[in-house]
Amino acid sequence: MNNRVSLYLDLLRFGAAFIVMLSHVAIERTSGGVWQWVRDLHIGSDSVIVFFVLSGYVIAYVVDQKREDKTSYMINRLSRLYSVVVPALLLTMFVDWLGILMAPEFYKTFWYIPFSNLERFFASFFYINQIWTINIRPFSNGPFWSLSYEFWYYMMFFTLFYFQGTKRILLTALVLAIMGIKLWLMAPIWLMGVWTYRKSQTIEHSKPMGWFLFLAPIALYALIKYFGISAALLEWTRSTLGPDVVYKWLRFSDEFLISYVYMILVSMHFLGLVTVAKDNLAWLERWQKPIRYWAGLTFSLYLFHYPLMNFFTAVFPGEITSVWRHLAIVVGIMIVTVLVGNVTERHKYKVRDLFRWLWNTISPEQPKAQTA
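What counts as what
- Residues numbered from 1 in each chain as written.
- Predicted model: local features only at pLDDT ≥ 70, side-chain atom pairs only at ≥ 80, totals over all residues.
- Heavy atoms only, no water.
- Helix = DSSP H or I, 4+ residues; strand = E, 2+ residues; numbered from the N terminus.
- Rg over C-alpha atoms; globule rule 2.2 N^0.38 Å.
- Buried < 20%, exposed > 50% of the residue type's maximum accessible area, 1.4 Å probe, protein only.
- Areas by Shrake-Rupley, 256 points an atom, 1.4 Å probe, with all protein chains shown as cover.
- Polar contact = N/O pair within 3.5 Å; in protein donor to acceptor, adjacent residues only side chain to side chain.
- Axes fitted to C-alpha atoms, helices over the stretch in contact; angles between N-to-C directions.
- Parallel < 35°, antiparallel > 145°, perpendicular 65-115°, else oblique.
- Contact = heavy atoms within 4.5 Å.
- Nonpolar A, V, L, I, M, F, W, Y, C, P; charged D, E, K, R; others polar.
- Salt bridge = Lys/Arg side-chain N within 4 Å of Asp/Glu carboxyl O.
- Left-handed = near helix turned anticlockwise from the far one by under 90°.
- Core = buried A, V, L, I, M, F, W, Y, C linked by side-chain atoms within 4.5 Å.
- Phe/Tyr/Trp six-rings, centres within 6.5 Å; stacked < 30°, edge-to-face > 60°.
- Lys NZ or Arg CZ within 6 Å of the ring centre and 35° of its normal.
- pLDDT = per-residue confidence, 0-100.

### Observations regarding the overall build of the protein chain
At step 1: For the protein chain, the helix and strand inventory stands at 18 helices and zero strands.
At step 2: For 372 residues, the compact-globule estimate of 2.2 N^0.38 gives 21 Å, and the C-alpha radius of gyration of the protein chain, at 21 Å, lies within 12% of that figure.
At step 3: Projected onto its principal axes, the C-alpha positions of the protein chain cover 55 × 55 × 50 Å.
At step 4: For the protein chain, the proportion of its 372 residues judged to be buried stands at 51%.
At step 5: With an accessible surface of roughly 17,700 Å², the protein chain has 69% of that area assigned to carbon and sulfur atoms.

Listed below in structure tokens is the structure:
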């Protein structure tokens, strides 16, 4: 992968995580409705579409370039997930407990699930918290829903890529049977990332076409927001299927129609990037070190920010509508993310070694371990 392409994608994924955080800080209970326009735009949920396409793109790249075998693929995916998932669940439980001690009234609400209900921990730990009609939030950590999607898309790719014939059909059918409708609806978005990577390896187009593919999606996205197309499609979905069906069966996949449009725009943007980055975007290389550093904290920021936001909202003094208070919440989230995220990132290789050891223990064959 061209270094500038890699740097741009790193910058994009951190930016998407940061936008998700800001869209949550804009929630009324945190900011008093001052930033409601951010919520109305749904840019946080739109950023998740970028994550899904980017995830499929990166996984296709890693498997293609590093020639991972079956064992290496599973070890690398599981170790990457659990190196942050476990700390995120423990951090959530800790800050929720501390928040309840300091401001119990704040947590007496519909969005908080007491951690005495430990099946919520294990449902999230084993990524079954969003399959079919299950909708389990691990305590106060709302964004954790997407990890169930991500994990099962890894499994779907595994069965499609590493098996052939009848075995591929049966194993893929099994994964799909476990996933359920919500995950089915968003699966094409993740697979679009896989397709985009493969297409980017062979695509040849002119510089003007490259710039068109790179910039047109940004303009089209702005027009979609300006004319309220995404909101209209969501309202149509709810009115057509009914609110009960949407809440029970679709939940976080309720914007699937506009998400299909967004996945095409993101794919176009990435395909244009391949051409644009050849002779442009040199400034990315000058900022390589900070871009790589913050990109390495993307996963931590995404999984840590919500319980931290709730905690700081509960305990920070000042008027709920104070912009300075909102800024303090964001700074507090970033400080904890850096402190804890750096520790988890440094130890992710130990998690990978643990999975290798477990595999060596239960399997007579030695894995061809590779780094991802």
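So, next bit.
### Some points on the side chain of R77
At step 1: Assignment of secondary structure puts R77 in helix 5 (residues 70-102).
At step 2: A polar contact of 2.9 Å, which involves the side chain of R77, links it to the side chain of E68.

### As for the packing of helix 11 (residues 229-241) against helix 12 (residues 243-250)
A pair of packed helices is characterised by two quantities: the angle between their axes and the separation of those axes.
At step 1: Helix 12 packs onto helix 11 with a crossing angle of 105° between their chain directions and a minimal axis gap of 6 Å. By the angle class used here, helix 11 and helix 12 are roughly perpendicular. Along its contact with helix 11, which presents T237, R238 and L241, the element helix 12 presents P243, V245, V246 and L250.
At step 2: Split into classes, the residues belonging to the contact of helix 11 with helix 12 amount to five nonpolar, one polar and one charged.

### Let's talk about the pattern of salt bridges
When the charged atoms of two side chains with opposite charge come close together, those side chains can pair.
At step 1: Here the structure, examined in full by the defined rule, presents twelve salt bridges.
At step 2: Here D10 and R13 are joined by a salt bridge, their closest N and O atoms 2.9 Å apart. In this pair, D10 and R13 are both assigned in helix 1 (residues 3-25), three residues apart and thus about one turn of the helix distant.
At step 3: In this structure D10 comes out as buried when scored by relative accessible area, which is 13%.
At step 4: Ionic pairing is found between R238 and D254, a salt bridge with its closest N-O pair at 3.5 Å. Of this pair, R238 sits in helix 11 while D254 sits in the loop between helix 12 and helix 13 (256-279), placing them 16 residues apart in sequence.
At step 5: Its relative accessible area of 36% is what places R238 among the partly exposed residues.

### Some remarks on the packing of helix 4 (residues 43-66) against helix 9 (residues 181-200)
At step 1: Relative orientation of the contacting elements helix 4 and helix 9 amounts to 45°, with a least axis distance of 7 Å. With respect to their mutual orientation, helix 4 and helix 9 come out oblique. For the pair helix 4 and helix 9, the crossing hand works out as right-handed. Across the interface between the two elements, I49, F52, V53, S55, G56, Y57, I59, A60, Y61, D64 and Q65 of helix 4 pack against M186, I189, W190, G193, V194, T196, Y197 and S200 of helix 9.
At step 2: Along the lines of polarity and charge, the residues of the contact of helix 4 with helix 9 split into twelve nonpolar, six polar and one charged.

### Structural notes on the nonpolar core
At step 1: By size, the foremost hydrophobic cluster in this structure holds 106 residues, and its most contacted members are V85, L147, W152, Y153, L303 and I333.
At step 2: Top contributing element to this core by residue count: helix 13, with 13 residues.
At step 3: Here Y153 is in contact with M179, L183, M186, A187 and W190, once residues within four sequence places are set aside.

### Some words on the environment of F252
At step 1: In this fold, F252 is placed in the loop between helix 12 and helix 13.
At step 2: Taking relative accessible area as the criterion, F252 reaches 30% and is therefore assigned partly exposed.
At step 3: Expressed as a C-alpha distance, the spacing of F252 and N3, which sit 249 residues apart in the sequence, is 34 Å.
At step 4: Apart from the residues lying within four places of it in its own chain, the contact partners of F252 are Q130, N135, W145 and Y149.

### Some points on the packing of aromatic side chains
At step 1: On inspection of all chains with the given rule, the structure shows 41 aromatic pairs.
At step 2: In this structure, R251 packs its charged tip against the face of F252, placed 5.3 Å from the ring centre.

### Side note on the confidence of the model for the protein chain
At step 1: Here the protein chain averages 93 in pLDDT, while 97% of its residues score no lower than 70.
At step 2: Looking over the protein chain, one finds the lowest element-wise mean pLDDT in helix 18 (residues 348-362), namely 88, and the highest in helix 8 (residues 165-179), namely 98.
At step 3: Contacts of residues 367-372 to residues separated by more than four positions or lying in other chains number 27 contacts, the stretch itself having pLDDT below 50.

### Observations regarding the environment of Y247
At step 1: By the element assignment, Y247 lies in helix 12.
At step 2: For Y247 and N135, which are 112 residues apart along the polypeptide, the C-alpha to C-alpha distance reads 9.7 Å.

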